[in-house]
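# Summary of the model geometry
Chain by chain, the residues:
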Amino acid sequence: MSLLDVPDTRADTTGSPTADPSPAAATRSRVTPVAGVLLLVGAAVAWELGVRLTGTPEWIVPAPTAVVRALVDGASSLAPAALVTLGEAAAGLVLGTAVGLALAVVITFFRNLEQAVLSMALLAKSTPIIAVAPILTIWLGFGHAPKVLVTALLTFFPMLVNALEGFRSLDPAIEDWFASVDADPVTVFRHARWPTSWPYLFAALKVSAPLAMIGAVVAEWMGASSGLGRSMWLAYTNLRMPALFAAVLVLTALSALVYHLVTRLERRALAWRRA
Amino acid sequence: MSHPAPPTTAPPPLTLRGVGHDHGRVVALDGIDLDVAAGSFVAVVGPSGCGKSTLLRLVAGLDRPTRGRIAIGDHDPAEVRRAKQVGWLAQRPALLPWATVRDNVALAREIVATPRSAPDLDPLLDLVSLGDFADALPGQLSGGMQQRAALARMLAQDAPLWLMDEPLAALDELTREGLAADLLGIWERLRPTVVWVTHHLTEAVSLADRVVVLGPRPGTVVGDLEVDLPRPRDVTAPAVQDLVREARHLLGSVDEVTVATSDLAPRRVAGAGPGARA
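About the cut-offs
Residues numbered from 1 in each chain as written. Chains lettered and ligands numbered in written order. Predicted model: local features only at pLDDT ≥ 70, side-chain atom pairs only at ≥ 80, totals over all residues. Heavy atoms only, no water. Salt bridge = Lys/Arg side-chain N within 4 Å of Asp/Glu carboxyl O. Helix = DSSP H or I, 4+ residues; strand = E, 2+ residues; numbered from the N terminus. Buried < 20%, exposed > 50% of the residue type's maximum accessible area, 1.4 Å probe, protein only. pLDDT = per-residue confidence, 0-100. Contact = heavy atoms within 4.5 Å. Phe/Tyr/Trp six-rings, centres within 6.5 Å; stacked < 30°, edge-to-face > 60°. Lys NZ or Arg CZ within 6 Å of the ring centre and 35° of its normal.

So, about the pattern of salt bridges. Residue and element names in this part refer to chain B. Enumeration according to the criterion identifies 21 salt bridges over all chains in this entry. For Arg67, the salt bridge goes to Asp22, with nearest N and O atoms at 3.0 Å. In this pair, Arg67 sits in strand S4 (residues 67-72) while Asp22 sits in strand S1 (residues 14-23), placing the two residues 45 residues apart along the sequence. Taking the shortest distance from any N to any O, the salt bridge between Arg176 and Glu173 comes out at 2.5 Å. Of this pair, Arg176 and Glu173 both sit in helix H6 (residues 173-190), 3 residues apart, roughly one helical turn. According to the relative accessible area criterion, Arg176 is buried, its value standing at 11%.

See below:
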């Protein structure tokens, strides 16, 4: 008989386990953002009422309406400042991610370097950034370079640790198969370790991308000619709290936006996990 | 339809002499002597934890025996593995979940760099009834279909030695029987040397030329049954049942028996066994 004459076992087994999300899950996904917005609005209303009813001075805690007013009035200066900070954070994130990834790849291929590389990395990670930032500013000036470096210093470690974990988390059964065909380490890395690590890399990015924004702002506080950090510093030294809060609001919104973008990217890149 | 060409290298005989293996202080296998003729189909059965999978890993060259010697033809298992002549099919299909079925199979071809006599991928996928699912991701397939994809990947290697570690264990009864029949049909066509580890006595007797019975840890050979019955085999046939009973007796003779529940009572469903339709 022909090998193809076998009964088709596909008929009862083709269902995709995650093809149709349950109605409950769909409802949950609609409800969650609405609940989030309501919570935010509620908090803002409570904050506004609290400030007004207690008569708290604006230079201590400004009301949300005052912050919004400062945001609108200062939009022409906040927008370019946000762009500068965003650019520095992005450059630092790219640099930190690249260095973290490169070190993880090196350690994966040369295990005997692990202790030395990780010790150095831990040293760099453990040094307080608040101490490093002014030093870098003195060395490199008030331009973008120290901000990019500070951001890279903040972001490389999560990427290094997660990438290393990702490269090592290859399914033992897959590892056995590659061993059975005597695949070389580069082939195993390219076809298996690298894709296996993607969920770990995105987890690192979700931590380090918002962290990059903070890194850039901290570095700007130490001395800068532009950026959100400088806007905050100017507002702080002049006790213009609504302007300071407006700058913080922009920074928070940008961090949330960056996180959201990474999450979207993750969903697209890891679509196979939903198969 | 097209069929894969026979392996470009002749199927090798397999010789184990005094093979033993320790996992730290635990002796997993001890004093294994075994000869497997070239092109034969040998099933290895035994209770859970008796070292069946360890034995297969040693033959595959994935681990080295602590004692004794294994020869595949005239070569050390590690040499045969380096020559990419070991086909490996485990209980879990171990497909790359981010790659399509076609890409998974193509990867084996790419790594092994099979000679031009090797078949194209499409006939291979048709052979395992996955022609229409070439662009599907493993996660979109059932367990049986994933194992068929893993089988296609193994066939793409064109290896003369197939080592299978309970390849049907994770599948439901119907899928298991269908895939066993397909595997047997492909083996009869290509005639590689096969070592098939299973804990299903009926499956072993219905598929293999010989059934090697291992005792509990440390695993040693406690029986070696020749299955001199024509294929396809009806699992309800008295001759098959006698051999299953004999294998069970051998397992029973070593104090501890852990075999699949379905093997404890003879199956009475006529024509339901793999042998009935191969």
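Time to look at the confidence of the model for chain A. Averaged over chain A, the pLDDT score is 87; the fraction of residues at 70 or greater is 89%. Taken together, the stretch residues 1-20 of chain A has pLDDT below 50 and engages in 37 contacts with residues farther than four places along the chain or on a different chain.

What follows deals with the environment of Gly131 of chain B. Residues and elements named next belong to chain B. Mapped onto the elements of the fold, Gly131 is located in the loop between helix H4 (121-127) and helix H5 (143-157). Looking at Gly131, the relative accessible area reads 32%, which means it is partly exposed. It is 27 Å that separates the C-alpha atoms of Gly131 and Thr9, two residues lying 122 residues apart in sequence.

How two aromatic rings sit relative to each other is set out by the distance from centre to centre and by the angle between their planes. Under the criterion given, the structure shown has 13 aromatic pairs over all chains. Residues Phe167 of chain A and Trp194 of chain A carry aromatic rings whose centres are separated by 6.3 Å and whose planes lie at 40 degrees to one another, so their mutual orientation is tilted. With Phe167 of chain A in helix H6 (residues 145-168) and Trp194 of chain A in helix H8 (residues 185-221), this pair connects stretches of sequence that are 27 residues apart. For Phe167 of chain A, a relative accessible area of 0% puts it in the buried group. Owing to a relative accessible area of 28%, Trp194 of chain A belongs among the partly exposed residues under this scheme. A ring pair is formed by Trp198 of chain A and Phe202 of chain A, whose centres lie 6.4 Å apart and whose planes are at 70 degrees; its orientation type is edge-to-face. Taken together, the residues span about one helical turn, with Trp198 of chain A and Phe202 of chain A both in helix H8 at a distance of 4 residues. Judged by its relative accessible area of 29%, Trp198 of chain A is partly exposed. The ring of Trp177 of chain A has Arg153 of chain B lying over it, and the distance from NZ or CZ to the ring centre is 4.1 Å. Across from the ring centre of Trp187 of chain B, 4.1 Å away, lies the NZ or CZ of Arg191 of chain B, which sits over that ring.

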